[in-house]
Amino acid sequence: MSSTGYQTLLDCRRRGRYLRQHGFTIDQIVTILALDHPATPLRLYRHAAGLTAAQTVNAFHRLADTTSPGLRESRLYDHETWPETGRRPSVHTLRLLARIYGTHPANLLTPAMLATYTPHDQHTLRRGDSQ
């Protein structure tokens, strides 16, 4: 992570902690952070949760069953920069990341990003469960 990226994470951690102490939800915190930090929702949720990429990947592996494909830090960064660059995350990956971040899977995407998924996958992501 670049020093600028790390400083952003530290700022988001500090602000997220403060806002949680005042009763803000993770979704509200992401909305506030987005005012100052231009990033995809997926990255903003990780920052709002105060997690590094390594911490997120470790949490992902604790939740994933052994038959699921793993997640590497580099792939997480790819997902966080999509659709400008990077790779689109799978529905399964979004569902697990939503559990880690404490939100609904569809919240990890903009409406335009969600529209790139099939109608069935959109329904699955909007349903909000994490199974």
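Heads up: the structure comes first, above all this text.
Rules and cut-offs
- Residues numbered from 1 in each chain as written.
- Predicted model: local features only at pLDDT ≥ 70, side-chain atom pairs only at ≥ 80, totals over all residues.
- Heavy atoms only, no water.
- Helix = DSSP H or I, 4+ residues; strand = E, 2+ residues; numbered from the N terminus.
- Rg over C-alpha atoms; globule rule 2.2 N^0.38 Å.
- Buried < 20%, exposed > 50% of the residue type's maximum accessible area, 1.4 Å probe, protein only.
- Contact = heavy atoms within 4.5 Å.
- Phe/Tyr/Trp six-rings, centres within 6.5 Å; stacked < 30°, edge-to-face > 60°.
- Lys NZ or Arg CZ within 6 Å of the ring centre and 35° of its normal.
- Axes fitted to C-alpha atoms, helices over the stretch in contact; angles between N-to-C directions.
- Parallel < 35°, antiparallel > 145°, perpendicular 65-115°, else oblique.
- Nonpolar A, V, L, I, M, F, W, Y, C, P; charged D, E, K, R; others polar.
- Core = buried A, V, L, I, M, F, W, Y, C linked by side-chain atoms within 4.5 Å.

Re the overall build of the protein chain
Right, on to step 1. When helices and strands are counted, the protein chain shows eight helices and zero strands.
Right, on to step 2. Secondary structure of the protein chain in N-to-C order comes out as α-α-α-α-α-α-α-α.
Right, on to step 3. A globule of 131 residues ought to have a C-alpha radius of gyration of about 14 Å, and the protein chain, at 14 Å, matches this closely.
Right, on to step 4. Expressed along its principal axes, the backbone C-alpha trace of the protein chain runs to roughly 35 × 30 × 25 Å.
Right, on to step 5. Taking all 131 residues of the protein chain together, the buried fraction comes to 43%.

So, helix α6 (residues 91-101)
Right, on to step 1. Burial runs high along α6: nine of the eleven residues are buried.
Right, on to step 2. Listing the buried residues of α6 in full gives Val91, Thr93, Leu94, Arg95, Leu96, Leu97, Ala98, Ile100 and Tyr101.
Right, on to step 3. As for α6, its buried residues are in contact with α2 (26-36), α3 (41-49), α4 (53-63), α5 (73-81) and α8 (119-127).
Right, on to step 4. Positive backbone phi, at 75°, marks Gly102, one or two positions downstream of α6.

Digging into the packing of aromatic side chains
Right, on to step 1. The full count for this structure, using the stated rule, is one aromatic pair.
Right, on to step 2. Lying over the aromatic face of Tyr117, Arg88 brings its terminal NZ or CZ to 4.0 Å of the ring centre.

Quick word on the packing of α3 against α5
Right, on to step 1. It is the contact of α3 with α5, at a shortest axis distance of 7 Å, that shows an interaxial angle of 120°. The orientation of α3 with respect to α5, classified from their angle, is oblique. Listed contacts from α5 to Leu42, Arg43 and Arg46 of α3 are Leu76, Tyr77, His79, Glu80 and Thr81.
Right, on to step 2. Of the residues in the contact of α3 with α5, the class split is three nonpolar, two polar and three charged.

With respect to the environment of Ala48
Right, on to step 1. As for its position among the elements, Ala48 is in helix α3.
Right, on to step 2. Sequence-distant contacts of Ala48, defined by excluding residues within four places in its chain, comprise Gly16, Arg20, Ile26, Ile29, Val30 and Leu33.

Examining α3
Right, on to step 1. Of all nine residues in α3, seven are buried; the element is thus mostly enclosed.
Right, on to step 2. By the burial criterion, the buried members of α3 are Pro41, Leu42, Leu44, Tyr45, Arg46, His47 and Ala48.

Topic: the nonpolar core
Right, on to step 1. Counting residues in each nonpolar core, the largest one holds 33 residues, and the members touching the most others are Leu97, Tyr101, Leu108, Leu109 and Leu125.
Right, on to step 2. Mapped by element, the contributors of at least two residues to this core are α1 (3-21), α2, α3, α4, α6 and α7 (111-114).
Right, on to step 3. Broken down by element, this core gets its largest block of residues, seven residues, from α6.

What is shown is where atoms sit, not what they do.
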